[in-house]
Amino acid sequence: MAVQAVPTKGNLMNTKKSLSLAKMGYELMDKKRNILIREMMMLIDKANEIQGEIDGAYEQAYQALQRANIVHGYCSDISKTIPVENSLSLDYRSVMGVEIPIVKMDAPDKTKLHFGLNSTSTALDNAFQKFTEVKILTAELAEIENSVYRLADSIKKTQKRANALKNIMIPKFEESVKFITDALDEKDREEFSRMKVIKKQKNK
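Here goes a summary of the coordinates provided. (Residues numbered from 1 in each chain as written. Predicted model: local features only at pLDDT ≥ 70, side-chain atom pairs only at ≥ 80, totals over all residues. Heavy atoms only, no water.)

## Concerning the nonpolar core
Nonpolar side chains tend toward joint burial in soluble globular proteins.
Phase 1 of the analysis: Formed by 18 residues in total, the largest nonpolar core has its most connected members in Leu-36, Ile-50, Ile-144 and Leu-151.
Phase 2 of the analysis: Residue assignment for this core shows that the elements contributing at least two residues are helix H1 (9-72), strand E2 (98-104) and helix H3 (122-203).
Phase 3 of the analysis: No other element matches the 8 residues that H1 contributes to this core.
Phase 4 of the analysis: Listed in part, the 9 residues of the second largest apolar core include Leu-12, Leu-165, Val-177 and Ile-180. (Core = buried A, V, L, I, M, F, W, Y, C linked by side-chain atoms within 4.5 Å. Buried < 20%, exposed > 50% of the residue type's maximum accessible area, 1.4 Å probe, protein only. Helix = DSSP H or I, 4+ residues; strand = E, 2+ residues; numbered from the N terminus.)

Laid out in structure tokens, this is it:
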């Protein structure tokens, strides 16, 4: 059993205040956990949807590349004309104190091609456009998956704190309040009995 506070009215008031704060803290932690879980579940649904789109986009992109390879032979030399993607930028938004990443990428100019029209065909154009779609979806999926990971980590920590308040701190303060209240009541009864004895003796 933990060491109890000295049973005084001041300690009773302080312990009741601590108990009230612990209960309020638990309610806030529980509310935060529920909001984070709801946010995470929405992102998981979105991630599953995008993953399905990526699977389809990859399939179409490789089919288009295969057709381009058939028409032009292997396109390794032509692929070197495609510039490296460097328009990605990272920002953040806050969800209940959790920093969620926002991945931004410049929208590609579909009218601009990086290879000559004389030596290529629409098969290569189509492959380029399909892999551009894959690139955009991959950036979006990376944002969502990282967000889910961060939310899951925060939910775990929030749950741990909520459990500590619910199962350790709140019972501890409740026990202290009961101990101090019982001790003060017993003291009041003893004082009342003592006063009765004194009054009785005075009357005699």
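## Section: the pattern of salt bridges
A side chain with one charge can pair with a side chain of the opposite charge if their charged atoms come near.
Phase 1 of the analysis: Applying the stated rule across the entire model yields 6 salt bridges.
Phase 2 of the analysis: One salt bridge in this structure joins Arg-93 and Glu-39, with 3.0 Å as the shortest N-O distance. Of this pair, Arg-93 sits in strand E1 (residues 89-95) while Glu-39 sits in helix H1, and the two are 54 residues apart along the sequence.
Phase 3 of the analysis: Among the residues examined, Arg-93 registers a relative accessible area of 33% and is labelled partly exposed.
Phase 4 of the analysis: For Glu-39, a relative accessible area of 18% gives the class buried.
Phase 5 of the analysis: The partner of Asp-182 in a salt bridge is Lys-178, with the nearest N and O atoms 2.9 Å apart. (Salt bridge = Lys/Arg side-chain N within 4 Å of Asp/Glu carboxyl O.)

## Re the pairing of E1
Side-chain positions along a regular strand alternate between the two faces of the sheet.
Phase 1 of the analysis: Here 7 bridges tie E1 to E2, and the two strands are oriented antiparallel to one another. The partner of Val-95 across the bridge, within E2, is Val-98. (Pairing = 2+ DSSP bridges.)

So, to be careful, I would describe these as geometric facts and stop short of saying anything about function.
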